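The primary structure of each chain is shown beneath.
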Amino acid sequence: MIAKSKFFAKEWMIKLKERNDMSLYESWMEKAFSKEGRSVDAIWDEYLPKEQHIYEYILANKLTKLEGTVKELAERFSMTTEEIVAFVDAINDVLPTPYEMTTLEEDTAIVLDIDFERLFKKMVEYHAEHLYQLPQWDGIFDADTRKRLTLEQKRSRTIVKGEKIGRNDPCPCGSGKKYKKCCGANL
């Protein structure tokens, strides 16, 4: 699976280079990931504190809506337009109407409707401890709520297998036969 995703990342990068009209998102992807599909640490080391700053701002001000053009938001948060598009990509899964990332341009109007519960759970899902443990969450949810949301998210991703039926156990269909002679005969 990893080899397959690296192959597609490599092919995607080749296609991007063949085109001259890269979108902001495609430009970000080209900077943030190598041709082999690996993260470029220097880019992420610069981006992640800026991303965290935006989340701190949103949480501290309890903003349920953040809006502006891509360029305006980039200027407001001292980021490049590509970095703001990367932020939109990061939060896109929790928006009621996700954006098609490759269509975003500098003058595209962005409206980020923020659902704090979905945002918190998504941060837990992605194991982004540096984000879901920000002190600004204290103003949004109390400790018990944060603990409950964390457990809900972790449980939602846990697979619970049912009890295994042995070959010589009674068939669960209720026929009275052994499983191996009934429903398990053709397995």
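Everything below is about the structure printed above this text.
Residues numbered from 1 in each chain as written. Predicted model: local features only at pLDDT ≥ 70, side-chain atom pairs only at ≥ 80, totals over all residues. Heavy atoms only, no water.

> Even after reading the chapter, I still don't get helix α5 (residues 81–91), so can you show me in this structure?
Along an α-helix, a turn takes 3.6 residues, which lines up residues three or four apart on a common side. Of all 11 residues in α5, nine are buried, a share of seventy percent or more. Burial in α5 covers these residues: Thr81, Glu82, Glu83, Ile84, Val85, Ala86, Phe87, Val88 and Ile91. Residues of α5 that are buried make contact with α2 (24–32), α3 (41–60), α4 (70–76), β2 (109–113) and α6 (116–125). (Buried < 20%, exposed > 50% of the residue type's maximum accessible area, 1.4 Å probe, protein only. Helix = DSSP H or I, 4+ residues; strand = E, 2+ residues; numbered from the N terminus. Contact = heavy atoms within 4.5 Å.)

> Whenever I open this one, the nonpolar core confuses me. Can you help?
Grouped together as the largest cluster of nonpolar side chains are 42 residues, with contacts concentrated most on Ile91, Leu112 and Trp137. Among the elements of the structure, α2, α3, α4, α5, β2, α6 and α7 (129–132) are those that each provide at least two residues to this core. Residue contributions to this core peak at six residues, all from α5. In this structure isoleucine 91 touches Tyr55, Leu112, Ile114 and Leu119, once residues within four positions along its chain are discounted. (Core = buried A, V, L, I, M, F, W, Y, C linked by side-chain atoms within 4.5 Å.)

> Explain the packing of α2 against α3 here, please?
Angle between the axes and distance between the axes are the two parameters that describe a pair of packed helices. Contact pair α2 / α3: the axes reach a minimum separation of 8 Å and the direction vectors enclose 120°. Judged by the angle between their axes, α2 and α3 are oblique. Seen from α2, the contacting residues are Trp28, Lys31 and Ala32; seen from α3, they are Ile43, Trp44 and Tyr47. For the contact of α2 with α3, the class distribution of residues is five nonpolar, no polar and one charged. (Axes fitted to C-alpha atoms, helices over the stretch in contact; angles between N-to-C directions. Parallel < 35°, antiparallel > 145°, perpendicular 65-115°, else oblique. Nonpolar A, V, L, I, M, F, W, Y, C, P; charged D, E, K, R; others polar.)

> Which parts of the structure should I look at to understand the layout of surface pockets?
The gaps left among the atoms become clear once a water-sized probe is rolled over them. Estimated volume of the largest pocket: approximately 250 Å³. Taken together, 14 residues line the largest pocket, and the ones lying closest to its centre are Glu51, Ala90, Tyr126, Ala128 and Leu131. The class makeup of the residues in the lining of the largest pocket is nine nonpolar, one polar and four charged. In terms of lining, the second largest pocket is formed by Tyr25, Trp28, Met29, Phe33, Trp44, Tyr47, Glu51, Ala86, Asp89 and Ala90. Elements with a minimum of two residues in the lining of the second largest pocket: α2, α3 and α5. Residues belonging to the lining of the second largest pocket are distributed by class as follows: eight nonpolar, no polar and two charged. (1 Å grid on protein atoms, 1.4 Å probe; cavity = no way out; pocket = protein on both sides within 12 Å on 5 of 7 lines; lining within 4 Å. Points joined across faces, edges and corners; volume = space filled by probe spheres on them.)

> What is the right way to read the side chain of lysine 122 from this model?
Within the element layout of this structure, lysine 122 appears in helix α6. The class for lysine 122 is buried, based on a relative accessible area of 19%. For lysine 122, the residues in contact, after removing those within four places along its chain, are Asp93 and Val94.

> Looking at this structure, I do not really get a negative patch on the surface. What am I missing?
A contiguous patch of negative charge, built from Glu72, Glu75, Glu105, Glu106 and Asp107, is present on the exposed surface. Turning to its location among the elements, aspartate 107 is positioned in the loop between α5 and β2. (Patch = residues over 30% accessible without salt bridge, like charges linked within 9 Å, V, L, I, M, F, W, Y side chains within 5 Å. Areas by Shrake-Rupley, 256 points an atom, 1.4 Å probe, with all protein chains shown as cover. Salt bridge = Lys/Arg side-chain N within 4 Å of Asp/Glu carboxyl O. Lys, Arg positive; Asp, Glu negative; His and termini not counted. Charge placed at Lys NZ, Arg CZ, Asp CG, Glu CD.)

> Help me understand the pattern of salt bridges in this model?
Should their charged atoms come close, side chains of opposite charge can pair. Applying the stated criterion to the full structure yields 10 salt bridges. Lysine 50 is paired through a salt bridge with glutamate 83; the nearest N and O atoms lie 3.1 Å apart. Here lysine 50 is found in helix α3, whereas its partner glutamate 83 is found in helix α5, with 33 residues between them in sequence. For lysine 50, a relative accessible area of 22% gives the class partly exposed. We classify glutamate 83 as buried; its relative accessible area is 5%. When salt bridges with common partners are traced through the structure, they connect Glu117, Lys121, Arg148 and Glu152 into a single cluster.

> Looking at this structure, I do not really get the side chain of glutamate 51. What am I missing?
Turning to its location among the elements, glutamate 51 is positioned in helix α3. Buried within the structure, glutamate 51 lacks any salt-bridge partner; its nearest side chain of opposite charge belongs to lysine 50, at an N-O separation of 12 Å. Among residues more than four places away in sequence, those in contact with glutamate 51 are Met79, Phe87, Ala90, His130 and Leu131.

Worth remembering: the numbers are spatial, not functional.
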